[in-house]
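Breakdown of the fold
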Amino acid sequence: FFFNDTATTEIYTRSLVGSVRCVQETVSTQSTWDFKRRQTMVKTYELRTKDEKALVEELGKLKAELAKARIGKVSAAATQVKASKIKVLRKDIARILTVINEKRRTVAHDKFKKKKLKPLDQRIKGTRASRRKLTIFERTRKTKKAQKKLNCNPRRKYAIQAQTFIPYPQLPKYFAYIS
């Protein structure tokens, strides 16, 4: 068990015979504790408040730190660099790139909001079938031959006069009842 609140940590181990012995070690808890706190260094909600220039600067710093960490992993100082630190750096870089991309997309969205034609990434995706479907204009178009036919033979309009309903028992005499 590690107690990070003091400089000395007590580790309890059991020997093979079953007796408990207490071993005291001095461990620099500050480095491990700070590293755990630093693993969640970049918060997305904080990044959204910054402008793009500050984000690009922070991105450059993180990329340089990642390059150092990768070099340290390969070189003799492999014990100093942990794989988890590289993972955290990569995730932080991804977060910053995501926020930069979001900001650029919102600017582009505002720019093309009232325009007729939009870039591909600003258009509504829909489904594959809906993207290939004919537009209303294309569906209602007619060939010249069809237009001539329609003009020569226009749709006929009929008017039907409504008749009053005669109930069954009051049928006229000329109806023969079939039995």
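Residues numbered from 1 in each chain as written. Predicted model: local features only at pLDDT ≥ 70, side-chain atom pairs only at ≥ 80, totals over all residues. Heavy atoms only, no water.

For the protein chain, the helix and strand inventory stands at 7 helices and 2 strands. Along the protein chain, helices (α) and strands (β) appear in the sequence β-β-α-α-α-α-α-α-α when read from the amino end. Taken across its 179 residues, the protein chain has 13% of its residues classed as buried. Summarising the internal contacts of the protein chain: among those between residues at least 6 apart in sequence, 44% fall at separations of at least 24. By element, 58% of the accessible surface of the protein chain is carried by carbon and sulfur atoms, the whole surface being about 16700 Å². (Helix = DSSP H or I, 4+ residues; strand = E, 2+ residues; numbered from the N terminus. Buried < 20%, exposed > 50% of the residue type's maximum accessible area, 1.4 Å probe, protein only. Contact = heavy atoms within 4.5 Å. Areas by Shrake-Rupley, 256 points an atom, 1.4 Å probe, with all protein chains shown as cover.)

We now examine the nonpolar core. Counting 13 residues, the largest nonpolar core has L47, L55, L62 and I96 as the members making the most contacts within it. It is helix α4 (residues 83–111) that contributes the most residues to this core, 6 residues altogether. (Core = buried A, V, L, I, M, F, W, Y, C linked by side-chain atoms within 4.5 Å.)

Within the fold, D92 resides in helix α4. The class of D92 is buried, set by a relative accessible area of 1%. A polar contact is formed between the side chain of D92 and the side chain of R95, at a distance of 2.7 Å. When near neighbours in sequence (up to four residues on either side) are disregarded, D92 contacts M41, V42 and L62. (Polar contact = N/O pair within 3.5 Å; in protein donor to acceptor, adjacent residues only side chain to side chain.)

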